[in-house]
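# Fold and geometry: a report
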Amino acid sequence: LDVKMSYWERSDKYFTVIKPGGGATWNDDYINQTYWCSVKVKRLLPASLRPAWPAWLALAVGLGVDDKLEGYLKNQSLPQGNLELYLALDVDVTQVLPSDIEWWETLKRCLNYIKFPAPAVRLTPGVVWYGVYF
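Presented here is a report on the structure given in the accompanying data block.

## Details of the pattern of salt bridges
If charged atoms from side chains of opposite charge come close, those side chains can pair. What the rule picks out here adds up to six salt bridges. Here Lys40 and Asp2 are joined by a salt bridge, their closest N and O atoms 3.5 Å apart. Here the residue Lys40 occupies a position in the loop between strand 2 (33–39) and helix 2 (41–44), and Asp2 occupies one in strand 1 (residues 2–7), the gap between them amounting to 38 residues. This pair shows no difference in class: Lys40 is buried, exactly as Asp2 is. Between Asp92 and Lys40 there is a salt bridge, and its shortest N-O distance comes to 3.7 Å. Here Lys40 lies in the loop between strand 2 and helix 2 and Asp92 lies in the loop between strand 4 (83–91) and helix 4 (93–96), a separation of 52 residues in the sequence. Of the two residues examined, Asp92 and Lys40, each falls in the buried class. Beyond isolated ion pairs, a larger network of salt bridges with shared partners links Asp2, Lys40 and Asp92.

Printed below as a string of structure tokens:
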């Protein structure tokens, strides 16, 4: 299993509602972050099926929160968003970029913490298909 993170500014509510007037940074913007657990499928398949699955292709389960801020707007408490659950294709960067150089191997492992854009489906709250999800 690989733990990954992705960020794409889908909503500006964090910057306009929660932290208006500056002082906001992307790493505090949980509305636009998704955290992933990526599974290397090839390792789980029976030996007879492994040749059919590319080593670089993985499946990821993601967790995020939407920009519904009802709790925040009503009583100025912490934001109360809906949890979002995703299922997506993923790329195992360590299998895509070949190398035997130690510093390059380290760079590949660091890049593998990033979930790169790929097709995905949001399972909750409500099913939505994405051709490419960031």
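## Overview of unusual backbone geometry
The residue after Thr124, namely Pro125, is reached through a cis peptide bond having omega -10°. Mapped onto the secondary structure, Pro125 falls in the loop between strand 5 (118–124) and strand 6 (128–133).

## Focus on the nonpolar core
Of all hydrophobic cores here, the largest spans six residues; its members are Trp36, Ala60, Tyr86, Ala88, Ala120 and Tyr133. If we ignore the near neighbours within four places in the chain, the residues touching Trp36 are Asp2, Val3, Lys4, Met5, Ser6, Ala60, Val61, Gly62, Tyr86, Ala88, Lys115 and Tyr133.

## Examining the side chain of Arg122
Within the element layout of this structure, Arg122 appears in strand 5. Residue Arg122 is classed as buried on the basis of its relative accessible area of 14%. A distance of 3.4 Å separates the side chain of Arg122 from the backbone oxygen of Pro125, its partner in a polar contact. If we skip the residues at most four places from it in the chain, Arg122 touches Glu84, Leu85, Tyr86, Val127, Val128 and Tyr130.

## A look at the packing of aromatic side chains
Across all of its chains, the model carries seven aromatic pairs by this definition. Consider the rings of Trp36 and Tyr86, whose centres lie 6.0 Å apart with planes at 45°: the pair is tilted. Taken together, the residues span a long stretch of sequence, with Trp36 in strand 2 and Tyr86 in strand 4 at a distance of 50 residues. With respect to burial, Trp36 and Tyr86 carry one shared label: buried. Chaining the aromatic ring pairs together yields one cluster made of Trp36, Tyr86, Tyr130 and Tyr133. We note Lys115 situated over the ring of Trp36; from NZ or CZ to the ring centre the distance is 4.8 Å.

Cut-offs and rules
- Residues numbered from 1 in each chain as written.
- Predicted model: local features only at pLDDT ≥ 70, side-chain atom pairs only at ≥ 80, totals over all residues.
- Heavy atoms only, no water.
- Salt bridge = Lys/Arg side-chain N within 4 Å of Asp/Glu carboxyl O.
- Helix = DSSP H or I, 4+ residues; strand = E, 2+ residues; numbered from the N terminus.
- Buried < 20%, exposed > 50% of the residue type's maximum accessible area, 1.4 Å probe, protein only.
- Core = buried A, V, L, I, M, F, W, Y, C linked by side-chain atoms within 4.5 Å.
- Contact = heavy atoms within 4.5 Å.
- Polar contact = N/O pair within 3.5 Å; in protein donor to acceptor, adjacent residues only side chain to side chain.
- Phe/Tyr/Trp six-rings, centres within 6.5 Å; stacked < 30°, edge-to-face > 60°.
- Lys NZ or Arg CZ within 6 Å of the ring centre and 35° of its normal.

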